[in-house]
Amino acid sequence: DVERSRGLGDVYKRQPQALRIATPPTVGFMVQIIKNTSIASVIGMAEMTYIGKMINNSTFQPFTTYMIIAALYFCLCFPLSWWSRRLERRLNVAHR
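Rules behind the numbers
- Here the residue numbers are simple positions, counted from 1 along each chain's written sequence.
- Where totals are concerned, whole chains, interfaces and linings use all residues; where local detail is concerned, this predicted model gives features only for residues with pLDDT of at least 70, and gives and counts side-chain atom pairs only at 80 or more.
- Only hydrogens and water are removed before side-chain values are computed, so all heavy atoms of the structure are retained for them.
- Note on conventions: DSSP H or I runs of at least 4 residues are helices, E runs of at least 2 residues are strands, and numbering of each starts at the N terminus.
- Categorising residues by exposure relies on relative accessible area from a 1.4 Å probe, with only protein chains included: less than 20% of the type maximum marks a residue as buried, more than 50% marks it as exposed, and the intermediate range marks it as partly exposed.
- All accessible areas in this document rest on Shrake-Rupley with a 1.4 Å probe, and a residue is counted as covered only by the protein chains that are shown.
- Here, two residues are considered to be in contact whenever any of their heavy atoms come within 4.5 Å of each other.
- Each patch is built from salt-bridge-free residues with over 30% relative accessible area, joining like charges within 9 Å and nonpolar side chains (Val, Leu, Ile, Met, Phe, Trp, Tyr) within 5 Å.
- Each reported salt bridge corresponds to a side-chain nitrogen of Lys or Arg within 4 Å of a carboxyl oxygen of Asp or Glu.
- Two aromatic rings, drawn from Phe, Tyr or Trp (for Trp, its six-membered ring), form a pair once their centres lie within 6.5 Å of each other, and the interplanar angle then sorts them: stacked below 30 degrees, edge-to-face above 60, tilted otherwise.

### Digging into the overall build of the protein chain
In step 1: Looking only at helices and strands, the protein chain has four helices and zero strands in total.
In step 2: The order of helices and strands in the protein chain, counted from the N terminus, is α-α-α-α.
In step 3: Per-residue burial over the protein chain gives 19% buried out of 96 residues.
In step 4: Surface accessibility of the protein chain: about 7600 Å² in total, with carbon and sulfur atoms responsible for 64%.

### Notes on the environment of Y66
In step 1: Within the secondary structure, Y66 sits in helix α4 (residues 62–91).
In step 2: We classify Y66 as partly exposed; its relative accessible area is 32%.
In step 3: In this structure the C-alpha to C-alpha distance between Y66 and G52, which are 14 residues apart in sequence, comes to 6.3 Å.

### Observations concerning the side chain of N56
In step 1: Tracing the chain through its elements places N56 in helix α3 (residues 45–59).
In step 2: Relative accessible area serves as the criterion here: at 16%, N56 is assigned to the buried category.
In step 3: When neighbours within four sequence positions are excluded, N56 is seen to be in contact with Q61, P62, T65 and Y66.

### Focus: a nonpolar patch on the surface
In step 1: A contiguous nonpolar patch, built from Y50, I51, M54 and I55 and spanning about 380 Å² of accessible area, is present on the exposed surface.
In step 2: Owing to a relative accessible area of 40%, I51 belongs among the partly exposed residues under this scheme.

### With respect to the packing of aromatic side chains
In step 1: Counting across every chain of the model gives one aromatic pair.
In step 2: Ring geometry for F74 against F78: centres 5.0 Å apart, planes inclined by 25°, an arrangement best described as stacked. One end of the pair, F74, and the other, F78, are both in helix α4, four residues apart, so they sit about a helical turn from each other.
In step 3: Classification of F74 as partly exposed rests on a relative accessible area of 49%.
In step 4: Of the residues examined, F78 reaches a relative accessible area of 37% and is grouped as partly exposed.

What follows is the structure in structure tokens.
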């Protein structure tokens, strides 16, 4: 069966289809990993929020504090999302 599949090119058609189908949930999972675990075992979103709360309690500038934290979080997630959109466009996910 494997030889017949390869002879018909079936194996080569399934791999790109599987990659197209698996890309969006995989990237979503990677974003969840960033959100739910510590980044490089140093700082995570929960820690950044807690640090922001501590800074806010001492400076009484919540807007500035949380905007900086949001910018840091954006800097972590945006490149991953951008890469995902680029990969999906390249694999033509919308036209399965």
